[in-house]
Amino acid sequence: MGEDQGKNTGAEPLFENWMKSTAELWTSMAKMLAASPASGKKETPESDMQKSRAQETLESALKMLGSLSSAAGEPETADSIFKGMNIFPQILNRMAQTAWDTYAHFQQQWIETAGRLGKQTEAYRFDDLDKDVFRAWTDLYEQEFRKFLHIPHLGLTRFYQERMSLVMDRYTIFQGSIAEFLHLLYLPMEKSMKVMEEKVGSMAEEGDILQDPDEYYKMWIKVLEGHYMTLFKSPEYTKVLGKTLATMEDFLLKRQEIFQDLLQTLPVPTNKDMDDLYGEIYQLKKRIKMLEKTHATE
Amino acid sequence: MGQPKIPLDLILSNLAEDAEKSTKRAREASEVLLSQLDTGIATTPYDVVYQEDRVKLKHYRPVTDVKMKTPLMVVYALINRETMLDLQPGRSVVQNFLKEGIDVYMVDWGYPTRKDKFLTIDDHVNGYMDNIVEFIRRRHNLSKINLMGICMGGTFSVIYAALHPEKLKNLVTTVTPTNFDTDQGLLHIWMKDIDVNRMIDAFGNMPGDLMNFGFLLLNPARLMIDKYVGFFQNMDNKTFVENFVRMEKWIFDSPDVPGETFRQFVKDCYHENLLIQSRMNVGGKRVDLKKITMPLLNFYGKYDHLVPPGACELLTGKVGSKDTEDVCLDTGHIGIYVSSKCQREFAPKIAEWLKERDDREKETKAPKKKDTIKQIENIINANQEM
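J.: Where do I start with the overall build of chain A in this structure?
T.: Per the secondary structure count, chain A includes 10 helices and 0 strands. What you see in chain A, going N to C, is helices and strands ordered as α-α-α-α-α-α-α-α-α-α. Put simply, chain A has 298 residues, and 9% of those count as buried. For chain A, the share of sequence-separated contacts (at least 6 apart) that also reach a separation of at least 24 residues comes to 74%.

J.: What exactly am I supposed to notice about the overall build of chain B here?
T.: Secondary structure assignment for chain B yields 15 helices and 12 strands. For chain B, the spread of C-alpha atoms along the principal axes amounts to about 115 × 50 × 50 Å. Counting the 386 residues in chain B, one finds 36% classified as buried. A separation of at least 24 residues holds for 80% of the contacts in chain B among residues at least 6 apart in sequence.

J.: What exactly am I supposed to notice about the interface of chain B and chain A here?
T.: Many descriptions give the size of an interface as the accessible area lost when the pieces come together. In this assembly, 29 residues from chain B lie in contact with 26 residues from chain A. Contributions of two or more residues to the side of chain B that touches chain A are made by helix H1 (8-34), helix H5 (186-191), helix H6 (196-203) and helix H8 (220-234) of chain B. Grouping the constituent residues of the side of chain B that touches chain A by class yields 15 nonpolar, 3 polar and 11 charged.

J.: Looking at this structure, I do not really get the pairing of strand E7 (residues 145-150) of chain B. What am I missing?
T.: Looking along a regular strand, one sees side chains alternate from face to face of the sheet. All names here are of chain B. Most of E7 is tucked away: 6 of the 6 residues are buried. Of the two faces of E7, the one holding Ile145, Leu147 and Gly149 and the one holding Asn146, Met148 and Ile150 are both buried throughout. With 6 bridges joining them, E7 and strand E8 (residues 168-174) adopt parallel strand pairing. In the sheet register, Asn146 faces E8, and the bridge partner there is Asn170.

J.: Explain unusual backbone geometry to me, please; I cannot follow it from the model alone.
T.: Among all residues save glycine, negative phi is the norm, and among peptide bonds the norm is trans. A positive phi angle is found at Asn80 of chain B, which is not glycine, with a value near 60 degrees. Its place among the elements puts Asn80 of chain B in the loop between strand E3 (72-75) and strand E4 (86-88).

J.: So what exactly am I meant to see when it comes to helix H10 (residues 259-271) of chain B here?
T.: One full turn of an α-helix is made of 3.6 residues, so residues set three or four places apart face in the same direction. All names here are of chain B. Looking at H10, one finds that the buried residues are Gly259, Thr261, Phe262, Arg263, Phe265, Val266 and Cys269. Looking at the buried side of H10, the elements it contacts are helix H3 (121-140), H5 and H6. Note on H10: the residue one or two positions beyond its end, Asn273, has a positive phi of about 50 degrees.

J.: For this particular structure, what's the right way to read the confidence of the model for chain B?
T.: Low pLDDT means the predicted coordinates in that region are not meant to be read closely. All names here are of chain B. Summary statistics for chain B give a mean pLDDT of 90 and a share of 91% for residues scoring 70 or more. Overall, residues 364-373 carries pLDDT values under 50, and its contacts beyond four positions in sequence, including any with other chains, amount to 1 contact. The ipTM for the predicted assembly is 0.79, set against a pTM of 0.75.

J.: Can you walk me through the environment of Ala42 of chain B in this structure?
T.: All names here are of chain B. Examined against the element boundaries, Ala42 turns out to sit in the loop between H1 and strand E1 (46-52). By the C-beta count within 10 Å, which is 21 here, Ala42 ends up buried. Separated by 288 residues in sequence, Ala42 and Asp330 have C-alpha atoms that sit 25 Å apart. Aside from chain neighbours lying at most four places away, what touches Ala42 is Thr83 and Asp86.

J.: Help me understand the pairing of strand E11 (residues 296-301) of chain B in this model?
T.: Residue and element names in this part refer to chain B. In terms of residue burial, E11 counts as a mostly covered element, since 6 of its 6 residues are buried. Neither face of E11 is open: one carries Leu296, Asn298 and Tyr300, the other Leu297, Phe299 and Gly301, and all of them are buried. Strand direction decides the pairing type here: E8 and E11, joined by 4 bridges, are parallel. Residue Thr173 lies in a different strand from E11, and its bridge partner there is Asn298. Across 6 bridges, the pairing between E11 and strand E12 (residues 324-329) is parallel. Note that in E12 the partner of Asn298 across the bridge is Asp326.

J.: How do you make sense of the sheet that holds E3 of chain B when you look at a structure like this?
T.: Whenever strands of a sheet pair, they do so through backbone hydrogen bonds, lying parallel or antiparallel. Residue and element names in this part refer to chain B. An order of E1-E2-E6-E3-E7-E8-E11-E12 is seen for the 8 strands of this open sheet, with the pairing classed as mixed. Single-partner strands in this sheet number two, and they are E1 and E12. On average, each strand axis in the sheet is tilted by 20 degrees relative to the strand beside it, whichever way the strands run. Pairing of E1 with strand E2 (residues 55-60) involves 6 bridges; the strand directions are antiparallel. Each bridged residue has a counterpart across the sheet, and for Tyr46 the counterpart in E2 is Tyr60. Packing of helix H4 (residues 152-163) onto the sheet brings it into contact with E3, E7 and E8, and relative to E7 it is tilted by some 140 degrees.

J.: Explanation requested: the packing of H3 of chain B against H4 of chain B in the structure shown.
T.: Residues and elements named next belong to chain B. Between H3 and H4, the shortest axis-to-axis distance is 10 Å and the interhelical angle comes to 65 degrees. Judged by the sense of rotation from one axis to the other, the crossing of H3 with H4 is right-handed. Across the interface between the two elements, Ile121, His124, Val125, Asn126 and Met129 of H3 pack against Phe156, Ile159, Tyr160 and Leu163 of H4. Residue composition of the contact of H3 with H4, grouped by class: 7 nonpolar, 2 polar and no charged.

Reading the values: rules and limits
Residues numbered from 1 in each chain as written. Chains lettered and ligands numbered in written order. Predicted model: local features only at pLDDT ≥ 70, side-chain atom pairs only at ≥ 80, totals over all residues. Helix = DSSP H or I, 4+ residues; strand = E, 2+ residues; numbered from the N terminus. Buried ≥ 20, exposed ≤ 12 C-beta atoms within 10 Å, placed from the backbone. Contact = placed C-beta atoms within 7 Å. Nonpolar A, V, L, I, M, F, W, Y, C, P; charged D, E, K, R; others polar. Pairing = 2+ DSSP bridges. pLDDT = per-residue confidence, 0-100. Axes fitted to C-alpha atoms, helices over the stretch in contact; angles between N-to-C directions. Left-handed = near helix turned anticlockwise from the far one by under 90°.

Structure, rendered in C-alpha cells:
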C-alpha cells in the first residue's frame, strides 16, 4: 500500500531533479572555492598551510555533499527513500511497542517486589510493633532494593559513582541496625513500666499503697536496672550490638572513601596522605630513639 | 466507717508537700548554680619534670618530709585521665600519698591524636614507661623504683615488671585486668565479639566518646537516669553540686586510645587472654609473669563491673614473687579511689606496705657488687691457705 502511494504521488522525478541540482550546486561551489584568489595567495608558509588545510576540509565536505546529493538523485535511491518514508509509521509503531514492553517489564518487576514486600510484612507481623520490623526492613532492603545500588557503573567516572552508591548502601544498612539497637535498648523501659503497673495494681488491691512517691521511683529504677542487666547478658543483645558497630564501621569506611575523592580535588591533604606521613614519622622516630639508646649505652 | 483501702487524702497531702519542697529547692538551686562554684580538679601542685611527645611526667611537691627513699611512679590507664587520683581536696589519693611521706611521680599520657595511631603497647611500655623509669632512677640515683599501675595502666605495669624486673623494687596493681577469660563483667562479654580490626580501620584511634558511651551502657538505669535524678534532688546543695560537676568533668574527659595499642590490647588480652598465660609478646619479647619477682600488692573492687574480681585475682598466683598480697575492697571500679571509706583504707595501706619493704631493705641491705667480689676473694684465699 505504501509503495502504491509513493508511485501514485509521482514525486520521484521531482525528487530526482532536485537532488541533481543540489549535487551540481555543491560541485560548482567546490570548484569556485578551488579557483578563488585566496587559495592561490601565499602570505606566509604557516598561514598557507592553515588555509590550505581549511580549504581542503571545506572542499572535501562540499564534494561529499555533492556525491551524496548525486547518489540520492539516482532513481533507485530515490525509490528506496520513498519506500522508507512510507514505512516510517510502521517503524515508529515498532519502536513505541519496544519501549512499552520494556516499561511493562519493569512495572511487572516492581509489582512482584511490592508483592514480596507484602509477604515479608506478613511474615514478620508488622502489626506488632517489635524489633522484627527492623529486621524485616533490613531484609527487604537487602533482597529487593539493594541490587539497584549495585547496578554496574560505566564510563570515566564509574569508580566515583560506585563509591557513592556503596556509601548510600552502607548508610541504609547502618540505619536499619541502629534502629534495631535503639529499639532493643528501649525494651527494658517498656517492660519495667508494665511490671510497675502490675505491682502497683496488686498493691492497690491489697491496700498496701506507698505514700511516698519517691518509693515508686526507687522501685521502678531497680526493676529497670534488672531488666537492663538481663538484656545485656543475652546473646541476642551482644549480636545486635556487634552488628550495629560493624555496620557503622562499614559506613564510616565507605564515607572516608568519598571524602578522599572530594578532598583530592581541593588543595588540602587527605587522611590517607596524612596517615602515610604519620606512619613514616613514626618509623623514623622509632629508629632515632633506638639509635639514641644504643649510643647512650656504648 | 473503717480505714480506706487507699489513703488518697494522705497521698495527695504528700504530693502537695513534695511540690512545695520542689519549688523551694528550685529557688535555692538557681542561687547555687548561678553562684561561683569551685569545681576545679587535680589542684595539688606539681611540676612537669619530663616530657616526651605527648607524654608528661608530673612530680608532686611534697607536703611533709619524704619518709621513703624509693619514689613511687604511678601509671594511669590510657582510658580517661589520671586526674581521678586527685579529684578534689579531701578525696585525693595523691594528697594522701604525700601526707604519708611518699615521693609521688605520675604519668600523664596526654591526648593522643591521629599521628599517634601507630603507637603500640611496646611503644608505651618499653618506650615511654622505660624512659620515665630511667629518668627517675637517674634523678634519685637509685637502681630500683616503686611502680603502681591503675586499670589498663596496671596491665602495662605488669608487662613492664616482667620485662624489666631489675628496675623495680615493688609493684602495686590496682583494679588491674590480667585475666580476660571471665564472664563476670559485661565488658568482658561484649569485647569478645568486637571486630577490633575493622573498628581501628574505621576510626584510626579508638574514640574516647565512643568508649564512654559504652561505659554508660553498662548500666543505663543508674548512669543515665538515676544519677541525674539524684542531681536534681540535691542541686540546692552547693557542696553536692561542686562534687558532682567535678566527677562529670573527670568522667567525660576521655582521650582517644591509640589505634594500634587498642587493637593489640583487645586481640592479645580480651580475645586470646595471652597475658595471664605468659604467652603475650611485647617488643619481640615474651611477657613471662614468673619474672615478676619483686613484692606485689594487688587491689581490686568486689563490685567492680568494669574489671571484676575474676579479672584481677589470678595474678598473684602466677607471678614469680613469693611476697604477694591481694586486697579486695567492698566497692566498685572508681570507688576505690574516690569513696570516703576507701580513702581511709586504700592509700594508707599502700603507704604502710611500701614503708615495710623500704625499712626491710635498710635492715638487710644487699651487699654491693664490689663487696660480693671481695667476699668471693676472701673465700678463695681462705681455701688456698687451707
